[in-house]
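# Residue-level structural notes
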Amino acid sequence: QVQLVESGGGLVQGGGSLRLSCAASGRTFSNYAMGWFRQAPGKEREFVAGLSRTGDNTYYKDSVKGRLTISRDNAENTVYLQMNSLKPEDTAVYYCAARGGLLPLRTVAGYDYWGQGTQVTVSS
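An account of the accompanying structure is given in this report.

Procedures and definitions
Residues numbered from 1 in each chain as written. Predicted model: local features only at pLDDT ≥ 70, side-chain atom pairs only at ≥ 80, totals over all residues. Heavy atoms only, no water. Phe/Tyr/Trp six-rings, centres within 6.5 Å; stacked < 30°, edge-to-face > 60°. Helix = DSSP H or I, 4+ residues; strand = E, 2+ residues; numbered from the N terminus. Buried < 20%, exposed > 50% of the residue type's maximum accessible area, 1.4 Å probe, protein only. Salt bridge = Lys/Arg side-chain N within 4 Å of Asp/Glu carboxyl O.

### Things to note about the packing of aromatic side chains
Enumeration over the complete set of coordinates arrives at five aromatic pairs. Judged by centre distance (5.7 Å) and plane angle (80°), the ring pair of Phe37 and Phe47 falls under edge-to-face. With a gap of ten residues between them, Phe37 in strand 4 (residues 32-39) and Phe47 in strand 5 (residues 46-51) connect regions that are remote in the sequence. Taking relative accessible area as the criterion, Phe37 reaches 0% and is therefore assigned buried. In this structure Phe47 comes out as buried when scored by relative accessible area, which is 7%.

### Details of the pattern of salt bridges
Scanning all chains against the criterion turns up five salt bridges. When the shortest N-O distance is used, the salt bridge between Lys61 and Glu46 registers 3.3 Å. Linking Lys61 in the loop between strand 6 (58-60) and strand 7 (68-73) with Glu46 in strand 5, this pair joins segments that are 15 residues apart in sequence. On the accessibility criterion, Lys61 (24% relative accessible area) is partly exposed. Residue Asp90 pairs with Arg67 through a salt bridge whose shortest N-O separation is 2.8 Å. One end of the pair, Asp90, is in the loop between strand 8 (78-83) and strand 9 (92-100); the other, Arg67, is in the loop between strand 6 and strand 7, and 23 residues separate them in sequence. Under the relative-accessibility criterion, Asp90 is labelled buried at 1%. In the salt-bridge network here, residues are joined through shared partners; they are Arg38, Glu46, Lys61, Arg67 and Asp90.

Encoded structure:
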């Protein structure tokens, strides 16, 4: 079992920044590829960013490229999502997820463990 706990969400004005953190515990963190997903009200959960087990490979939803950056610190068992130039359409609950394997996937079904989510609200 892997437990994931997100933090860092909040209310921010458009153009602002937030840094989300996801702390992992349980099994060896470096054995898992990680992903960040988000879910807005009335919408399906969608892939935002993914990171390989080693941190060498990153993947992003097209609309967030250049604004969001995923990273990990395997020594601290934590994955981060730095969010800059935020837009109102980024408003959602953000979830981190872990999957056993080298590379992340863009599908919800591809992940084994999920955090409880953290709310991000961007005002216009």
